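Reading the structure
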Amino acid sequence: MTIEAIVKPPSNNDISGTHNRHRPREFNITMELKKIYRPRQDRGQNDSPPDQNIVTRPKVGLALGSGVARGWAHIGVLKRLEAADFQPDYVCGTSIGALIGGMYLAGKLDALEEWARDLGKSGLFRLLDIRLSGGGLISGNKLFTLLEDTLGNTRIEDLPVPFAAVTTELGTGHEIWIREGSLAEAITASYALPGLFSPQKIHDRWLIDGALTNPVPVSVCRALGARLVIAVNLNADVFGMTNIGDPESAFMAEEAGNGTAPYTRAPLNLMKRRFFDKSGTEPSIFGVMMSSLNIVQDRLSRSRLAGDPPDITIAPRLARFGLLEFNRAAEMIAEGEDAADRSMDFLKQAMDVLA
């Protein structure tokens, strides 16, 4: 039997897509339908009907949201899920969620946790290679080198389960899902905060932080085939969301650690101070930038989760942590563990219902 069908291509979310999703093309496809079952009378004597008591669990997707330093809580969530013998079928991450999710699937979560717990107040600032030119204040070369040294030549398609890093195309504002290629490059593109980190060029597209389009990638998990989606939302707390911590004290600690006079007039240090320092009662340039981006992603995540809610939400209580307080990893990991424990009964019930 032969039929003709008109098929419209999916939206241009995948990095490998080339068509314009606002002008979908139609294709005439002729399909031959063949019987894929064996007639009942042809069954042999040893054949038996399928066991009706076999329970198959639903395909589960894990959506790890953005949140800058608060993303350390993802480590605690993953540790608790792993201890409960939970294995996701799909992992999708945005920004810091892409970093944690990628390291988890690459088998490097323990190494990342150890590094995060040892990160001092000025440790991250020593990895920020500030410059006076380019598309971002920080080139990100030091961080990328650290990622490459840890992940090596790991490719996304070689991970044990499907993974997608969510980014945003700078030229069009389109949401882009990176599902193949270098894992380190995909992670770097996903956390490229505009104005702070330089955009990353992948397949002739300039990509920036995915939090600008999809802060908690529930929709990506569903598109990949997940029936049950668990979202880890780092922006669930209502109050304190614009708290970024105290980057000025971290900068002072870095100068002290380097044996540099706090008010040195070296051009680069003067620029750092201008960028991070508060002038009287006014917030710093960096504070305004980070708080503004956080407001955008918070409002966007509320809107998107209302339109496509996850089946289970794990919401660590992180409002008291600053967006740049990477040195408080131990506390945030503990909050992630507590949040996962609170949601564990709901997760088990959902698995039973959908089995």
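Residues numbered from 1 in each chain as written. Predicted model: local features only at pLDDT ≥ 70, side-chain atom pairs only at ≥ 80, totals over all residues. Heavy atoms only, no water.

**Here we look at the overall build of the protein chain**
Assigned secondary structure in the protein chain consists of ten helices and twelve strands. Every one of the 355 residues in the protein chain was classed for burial, and the buried ones make up 49%. At a minimum sequence separation of 6, the contacts of the protein chain that also span at least 24 residues come to 75%. (Helix = DSSP H or I, 4+ residues; strand = E, 2+ residues; numbered from the N terminus. Buried < 20%, exposed > 50% of the residue type's maximum accessible area, 1.4 Å probe, protein only. Contact = heavy atoms within 4.5 Å.)

**Some points on the packing of aromatic side chains**
Tallied over the entire structure, the rule returns three aromatic pairs. For the ring pair Trp-72 and Phe-326, a centre distance of 6.0 Å and an interplane angle of 80° mean the geometry is edge-to-face. Of this pair, Trp-72 sits in the loop between strand E3 (60-64) and helix H1 (73-83) while Phe-326 is found in the loop between strand E12 (312-314) and helix H10 (329-354), placing the two residues 254 residues apart along the sequence. Each member of the pair, Trp-72 as well as Phe-326, is classed as buried. Where Tyr-191 meets Phe-197, the ring centres are 5.5 Å apart and the plane angle is 65°; that geometry is what we call edge-to-face. Like Phe-197, Tyr-191 is buried. (Phe/Tyr/Trp six-rings, centres within 6.5 Å; stacked < 30°, edge-to-face > 60°.)

**As for the pattern of salt bridges**
For the structure on display, the rule yields 13 salt bridges. Of the charged contacts, one joins Glu-157 and Arg-155 as a salt bridge, the two residues approaching to 2.8 Å between their closest N and O atoms. Overall, Glu-157 belongs to the partly exposed group, its relative accessible area being 42%. Judged by relative accessible area, which is 37%, Arg-155 ranks as partly exposed. Notably, a salt bridge pairs Arg-222 with Asp-308, separated by 3.1 Å at the nearest N-O pair. Within this pair, whereas Arg-222 is found in helix H6 (residues 218-224), its partner Asp-308 is found in the loop between helix H9 (285-307) and E12, the two being separated by 86 residues in sequence. We classify Arg-222 as partly exposed; its relative accessible area is 27%. Where salt bridges share partners, they join Lys-79, Glu-113, Arg-117 and Glu-337 into one cluster. (Salt bridge = Lys/Arg side-chain N within 4 Å of Asp/Glu carboxyl O.)

**Considering the packing of helix H4 (residues 141-151) against helix H5 (residues 183-190)**
Geometrically, a packed helix pair is captured by the angle between its two axes and the distance between the axes. In the contact formed by H4 and H5, the axes pass within 9 Å of each other and the chain directions differ by 145°. Note that H4 runs across H5; the crossing there is right-handed. Contact residues: Phe-144, Leu-147, Glu-148 and Leu-151 in H4; Leu-183, Ala-184, Glu-185, Ile-187 and Thr-188 in H5. Class assignment of the residues belonging to the contact of H4 with H5 gives a composition of six nonpolar, one polar and two charged. (Axes fitted to C-alpha atoms, helices over the stretch in contact; angles between N-to-C directions. Left-handed = near helix turned anticlockwise from the far one by under 90°. Nonpolar A, V, L, I, M, F, W, Y, C, P; charged D, E, K, R; others polar.)

**Looking at the environment of Glu-335**
By the element assignment, Glu-335 lies in helix H10. Note on Glu-335: relative accessible area 12%, which makes it buried. The sequence separation of Glu-335 and Ile-75 amounts to 260 residues, and the corresponding C-alpha distance is 9.8 Å.

**Points about the pairing of strand E4 (residues 90-94)**
The element E4 is largely enclosed, with a buried count of five among its five residues. The alternating pattern of E4 places Tyr-90, Cys-92 and Thr-94 on one face and Val-91 and Gly-93 on the opposite face, and all of these are buried. Where E3 lies against E4, four bridges are found, and the strand directions are parallel. Note on E4: the bridge partner recorded for Ala-63 is Cys-92. Considered for its hand, the β-α-β crossover made up of E3, H1 and E4 is right-handed. (Pairing = 2+ DSSP bridges. Right-handed = clockwise from strand over helix to strand, strands pointing away.)

**Comments concerning a negative patch on the surface**
A surface patch of like charges, here negative, comprises Glu-82, Asp-110, Glu-114 and Asp-118. Note on placement: Asp-110 falls in helix H3 (residues 109-117). (Patch = residues over 30% accessible without salt bridge, like charges linked within 9 Å, V, L, I, M, F, W, Y side chains within 5 Å. Areas by Shrake-Rupley, 256 points an atom, 1.4 Å probe, with all protein chains shown as cover. Lys, Arg positive; Asp, Glu negative; His and termini not counted. Charge placed at Lys NZ, Arg CZ, Asp CG, Glu CD.)

**A closer look at H1**
Along H1, the positions that sit buried rather than exposed are Ala-73, His-74, Ile-75, Gly-76, Val-77, Leu-78 and Leu-81. Residues of H1 that are buried sit in contact with E3, helix H2 (96-105), H3, strand E11 (228-232), E12 and H10.

**Topic: H2**
Of all the ten residues making up H2, ten are buried; the element is thus mostly covered by neighbouring parts of the structure. Regarding H2, the residues found buried are Ile-96, Gly-97, Ala-98, Leu-99, Ile-100, Gly-101, Gly-102, Met-103, Tyr-104 and Leu-105. Positioned one or two residues after H2, Gly-107 has a phi angle of 75°, which is positive.

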